[in-house]
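Residue strings, one per chain:
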Amino acid sequence: EFMGDRPSFLKKQSLQEFRGLAKLQGEKVEKVPNRHVAGELLEYRQIQFNGLKLYGHMESSQEFSPIVVTVTTPNWKIPHGLDVGTPAGRVETLLGPPMVKTETLLEYQGTSDIVKFHVSRGVIRRIELIYYHD
């Protein structure tokens, strides 16, 4: 349920809309063979901003679908106030016990998506949202 409630900055569709989120710090393009269709190449992009890195699939329609979203600063807001800089205890209070828990990681797995809260000194330092893509 938490992963279905995407952060507002992910509620875009086109590459241009994503590029307009903030000052772009970098963009990389990667083309890889489609394992389902011989001779077809798939395009993936990494788009980087201050405190936010998006890695996703480019559709031929110029729509960008994020697959891995990494947040490292509190200015990128996560649902339920689980932002970078928030006390880690708040994660379990809101989401319940994680599937994976170590001193530095709280990981929750949904049907097809994963969220990882990386923790240091009792505070969320980095968040990774991983969305299913085939």
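Shown above is the structure to which this text applies.
Please read these numbers as outputs of a predicted model, since none were measured by experiment. (Residues numbered from 1 in each chain as written. Predicted model: local features only at pLDDT ≥ 70, side-chain atom pairs only at ≥ 80, totals over all residues. Heavy atoms only, no water.)

What follows covers the nonpolar core. The biggest cluster of nonpolar side chains holds 28 residues, and the ones touching the most others in it are Leu54, Val69, Val71, Phe117, Ile127 and Leu129. Apart from residues no more than four positions distant in its own chain, Val71 is found in contact with Phe9, Gly51, Leu52, Trp76, Ile78, Val84, Arg125, Arg126 and Ile127. (Core = buried A, V, L, I, M, F, W, Y, C linked by side-chain atoms within 4.5 Å. Buried < 20%, exposed > 50% of the residue type's maximum accessible area, 1.4 Å probe, protein only. Contact = heavy atoms within 4.5 Å.)

Another aspect to go through is the side chain of Glu107. Positionally, Glu107 belongs in strand 6 (residues 105-109). Among the polar contacts listed, one links the side chain of Glu107 to the side chain of Gln109, at a separation of 2.7 Å. Excluding its chain neighbours within four sequence positions, the residues that come into contact with Glu107 are Pro98, Met99, Val100, Ile114, Val115 and Lys116. (Helix = DSSP H or I, 4+ residues; strand = E, 2+ residues; numbered from the N terminus. Polar contact = N/O pair within 3.5 Å; in protein donor to acceptor, adjacent residues only side chain to side chain.)

Okay, the sheet that holds strand 3 (residues 52-58) next. Strand order across the open sheet formed by eight strands is 1-2-3-4-8-7-6-5, with antiparallel pairing between neighbours. Strand pairing shows two members of the sheet lacking a second neighbour, strand 1 (26-33) and strand 5 (100-101), which therefore form its edges. (Pairing = 2+ DSSP bridges.)

With that settled, the discussion passes to the pattern of salt bridges. Taken as a whole, this structure holds eight salt bridges when the rule is applied. Ionic pairing is found between Glu107 and Lys116, a salt bridge with its closest N-O pair at 3.9 Å. With relative accessibility at 22%, the residue Lys116 sits in the partly exposed group. Members of the salt-bridge network, linked through shared partners, are Arg19, Glu27, Lys31, Glu43 and Arg45. (Salt bridge = Lys/Arg side-chain N within 4 Å of Asp/Glu carboxyl O.)

Okay, unusual backbone geometry next. Positive phi values are uncommon outside glycine, yet Gln62 reaches one of about 75°. Even without being glycine, His80 reaches a positive phi, approximately 65°.

Across all of its chains, the model carries five aromatic pairs by this definition. Relative to Phe117, the ring of Tyr108 lies with its centre 6.3 Å away and its plane at 85°, an arrangement referred to as edge-to-face. Across this residue pair, the class does not change: Tyr108 and Phe117 are buried. Over the ring of Tyr131 we find Arg6, and its NZ or CZ is 3.8 Å from the ring centre. (Phe/Tyr/Trp six-rings, centres within 6.5 Å; stacked < 30°, edge-to-face > 60°. Lys NZ or Arg CZ within 6 Å of the ring centre and 35° of its normal.)

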